[in-house]
Amino acid sequence: MKPTELMKKSIQEQVQEEIALLSQKKRKEMSSLERVRLLQLKLYLKAKQESSYKFYILYDKLFQKHLLEEAYKRVSSNKGSSGVDKQTFEEVEKYGRAKFLAELGEELRKRTYQPQAVKRVWIDKENGGKRPLGIPTIKDRVAQQACKMVVEPIFEANFDDSSYGFRPKRSAKGAITEIRDNLKKGKHTVYDADLSKYFDTIPHQKLLQALQERIADPRVIHLIRLWLKVPIAEEGGTYTGGKSSKQGTPQGGVISPLLANIYMNLLDRIVNKTDGYFAQRGITMIRYADDFILMSKHISQESLLKVHHYLERMGLIINTTKSKMVNAKSSSFDFLGFTFGYDRSILYEGTRFWNVKPKAKSVVKIKQKINQKLKLIGHYPAWRVVYELNPIIRGWMNYYQIEKVSTTQVAFRELEDYLRVRLLRYYNRKSQRKSRLYRQQAFDKLVKEEGLIKPYKTSGLRPVYAQR
């Protein structure tokens, strides 16, 4: 089907066609992925067609063999570390994947399943601080993934279009594109909001009420409550949380991002209601998980107080010291690792454009990551050095490359300059075990001979006024 024909069809029509196509196969001829996909499409379509419908029978789907098989595949593809039980994926495979999933399925069916504590580790933040990351056991991750695959399409049907984080077929690129488009439309007043410890402060009772808007199966609600109340195993052997806990969902849990989106969707619906208070004042909200901004030609203090009031009712707190209002035409602002600024054009003298570029701290961070990797890989052969570096470079570049939106040439050139210098130093220090790249232009040779990614590619364009 041609792209133009596809765009003419509504999402519901596309879903109906895919359901019809998958339904032509007999169940025994379908892969586990196809069976899961068919279930999700049917749940999505029902939820989309009847926005007030509540789903009463969902739990019995969680322990179906094909669903658990697909859940395990998705969890294992992330190659996460072990939880408090120290069980690894290698050990699961050695024990027997089928046996492992069958036992989990029986526990879910008989409702004897009990999640174990979540291991908490601390991850370095860009600003020098640390953020908590929860690591459930593999068994709990598979159970959460199975639940997520059943629940997600129900809520996805009614999520607001302004939400981009942790959603199927959505990413930060969509949020950045919408922000740039809003700036071009004249929405230069930007309120960059910062929520204080969002994942740790989500009130359990209010979250469960949000879930019950669509889910009437008490067994599913009970299962999710178990994950919310699970103890946190801190470094040093102490435990926090547990049954007495009334708020928070650990970052790192498979189902946590979905729960976070379900709860924040309450605010999405209020702010982006087409005939509501904020829409009447031209205010748009763009959100990625717990990061969001408001954009308009003008945002009054009254409007901000209303947003703060709604968040307080939800049990959430705005960090007023980190949140700020800016006029984007006169001051740049950062969001999701990008910097937005109204800059002078180097191609057309006397003109300005909306410059969307990688944040300066992000460029520093990728350099540090490459530096750390080179320190770890010691005397690896040239092909292995490239094998280790390419995913880091590619991932960073792919995140910031947004066609016809982001400006990456300066940042990519800076990254390439760093690679040239750092790789030259890396090989020249191998004085005791000299390689063929000793005192050579290592970067150029690795690009040409081993396929190292070359970040900077010039189009040959020059500023028009520089040619005069």
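Summary of the structure given here. Here the structure is a predicted model, which means the values were calculated and not measured. (Residues numbered from 1 in each chain as written. Predicted model: local features only at pLDDT ≥ 70, side-chain atom pairs only at ≥ 80, totals over all residues. Heavy atoms only, no water.)

1. Quick look at the packing of helix 16 (residues 360-376) against helix 17 (residues 382-400)
Right, on to step 1. Where helix 16 meets helix 17, the axes come as close as 10 Å, and the angle between the chain directions of the two elements is 170°. When the axis of helix 16 is compared with that of helix 17, the two are roughly antiparallel. The two elements helix 16 and helix 17 meet at a crossing, and its hand is right-handed. Contact with helix 16, carried on its side by Ser362, Val363, Ile366, Lys369, Ile370, Lys373 and Leu374, involves Val385, Glu388, Leu389, Ile392, Ile393, Trp396 and Tyr400 of helix 17 and no other residues of that element.
Right, on to step 2. Tallied by class, the residues present in the contact of helix 16 with helix 17 amount to 10 nonpolar, one polar and three charged. (Axes fitted to C-alpha atoms, helices over the stretch in contact; angles between N-to-C directions. Helix = DSSP H or I, 4+ residues; strand = E, 2+ residues; numbered from the N terminus. Parallel < 35°, antiparallel > 145°, perpendicular 65-115°, else oblique. Left-handed = near helix turned anticlockwise from the far one by under 90°. Contact = heavy atoms within 4.5 Å. Nonpolar A, V, L, I, M, F, W, Y, C, P; charged D, E, K, R; others polar.)

2. Quick word on a positive patch on the surface
Right, on to step 1. Together, Lys125, Arg131, Lys197, Lys322, Lys365 and Lys369 make up a region of like positive charge exposed at the surface.
Right, on to step 2. In this fold, lysine 365 is placed in helix 16. (Patch = residues over 30% accessible without salt bridge, like charges linked within 9 Å, V, L, I, M, F, W, Y side chains within 5 Å. Areas by Shrake-Rupley, 256 points an atom, 1.4 Å probe, with all protein chains shown as cover. Salt bridge = Lys/Arg side-chain N within 4 Å of Asp/Glu carboxyl O. Lys, Arg positive; Asp, Glu negative; His and termini not counted. Charge placed at Lys NZ, Arg CZ, Asp CG, Glu CD.)

3. Here we look at the sheet that holds strand 3 (residues 189-194)
Right, on to step 1. Read across the open sheet, the four strands follow the order 6-7-3-8; overall the sheet is antiparallel. Bordering the open sheet on either side are strand 6 (284-288) and strand 8 (324-327), each of which pairs with just one other strand. Sheet twist, expressed as the mean angle between neighbouring strand axes with direction ignored, is 20°.
Right, on to step 2. Pairing of strand 3 with strand 8, which is carried by four bridges, proceeds in the antiparallel orientation. Looking across to strand 8, one finds that valine 190 is bridged to valine 326.
Right, on to step 3. Contacts from helix 9 (residues 172-184) reach strand 3, strand 6 and strand 7 (291-296) within the one sheet, and its direction differs from that of strand 6 by about 160°. (Pairing = 2+ DSSP bridges.)

4. Side note on the environment of valine 271
Right, on to step 1. Assignment of secondary structure puts valine 271 in helix 13 (residues 256-271).
Right, on to step 2. Through-space distance from the C-alpha of valine 271 to that of glycine 242 is 34 Å; in sequence the pair is 29 residues apart.

5. Some remarks on empty space enclosed by the protein
Right, on to step 1. Counted by the stated rule, this structure contains one cavity of 30 Å³ or more.
Right, on to step 2. The wall of the largest cavity is formed by Val118, Pro136, Gln144, Trp227, Leu228, Thr249, Pro250, Gly253, Ile255, Ser256 and Leu259.
Right, on to step 3. For the lining of the largest cavity, the elements supplying multiple residues, two or more each, are helix 12 (218-228) and helix 13.
Right, on to step 4. For the lining of the largest cavity, the residue count by class is seven nonpolar, four polar and no charged. (1 Å grid on protein atoms, 1.4 Å probe; cavity = no way out; pocket = protein on both sides within 12 Å on 5 of 7 lines; lining within 4 Å. Points joined across faces, edges and corners; volume = space filled by probe spheres on them.)

6. Looking at the sheet that holds strand 10 (residues 338-344)
Strand pairs in the sheet, formed through backbone hydrogen bonds, run parallel or antiparallel to each other.
Right, on to step 1. Reading across the sheet, the three strands line up as 9-10-11 and stay open at both edges, with antiparallel pairing between neighbours. With partners counted over all chains shown, the strands left at the sheet margins are strand 9 (333-335) and strand 11 (352-358), one partner each. Strand-to-strand, the axes of this sheet are offset by a mean angle of 30°, without reference to chain direction.
Right, on to step 2. Here seven bridges tie strand 10 to strand 11, and the two strands are oriented antiparallel to one another. The residue bridging phenylalanine 338 from the neighbouring strand is proline 358, located in strand 11.

7. A look at the packing of helix 2 (residues 11-23) against helix 3 (residues 32-49)
Right, on to step 1. Across the interface, helix 2 lies against helix 3 with an axial gap of 10 Å and an inter-helix angle of 145°. The element helix 2 and its partner helix 3 pack so that their crossing is left-handed. Counted together, Ile11, Gln12, Val15, Gln16, Glu18, Ile19, Leu22 and Ser23 of helix 2 and Glu34, Arg37, Leu38, Leu41, Lys42, Tyr44, Leu45, Lys48 and Gln49 of helix 3 form the full contact between these two elements.
Right, on to step 2. Residue composition of the contact of helix 2 with helix 3, grouped by class: eight nonpolar, four polar and five charged.

8. Some words on unusual backbone geometry
Right, on to step 1. Phi angles above zero are rare outside glycine, and phenylalanine 166 is one such case at about 55°.
Right, on to step 2. With a relative accessible area of 43%, phenylalanine 166 lands in the partly exposed category.
Right, on to step 3. One non-glycine residue with positive phi stands out, namely lysine 197, at about 45°.
Right, on to step 4. Mapped onto the secondary structure, lysine 197 falls in the loop between strand 3 and helix 10 (198-201).
Right, on to step 5. Accessibility expressed as a relative area gives 64% for lysine 197, which makes it exposed. (Buried < 20%, exposed > 50% of the residue type's maximum accessible area, 1.4 Å probe, protein only.)

9. A few points about the packing of aromatic side chains
Right, on to step 1. One pass over the full model with this rule turns up 17 aromatic pairs.
Right, on to step 2. Judged by centre distance (5.6 Å) and plane angle (35°), the ring pair of phenylalanine 338 and tyrosine 399 falls under tilted. Remark: tyrosine 399 occurs in helix 17 and phenylalanine 338 occurs in strand 10; sequence separation between them is 61 residues.
Right, on to step 3. Its relative accessible area of 0% is what places phenylalanine 338 among the buried residues.
Right, on to step 4. Exposure remark for tyrosine 399: the relative accessible area of 31% places this residue in the partly exposed category.
Right, on to step 5. A network of ring pairs unites the aromatic residues Phe338, Trp396, Tyr399, Tyr400 and Phe412 as a single cluster.
Right, on to step 6. Positioned above the aromatic ring of tyrosine 53 is the side chain of lysine 46, whose terminal nitrogen or guanidinium carbon lies 4.6 Å from the ring centre.
Right, on to step 7. For arginine 111, the ring lying beneath its charged end belongs to tyrosine 59, and the centroid distance is 5.9 Å. (Phe/Tyr/Trp six-rings, centres within 6.5 Å; stacked < 30°, edge-to-face > 60°. Lys NZ or Arg CZ within 6 Å of the ring centre and 35° of its normal.)

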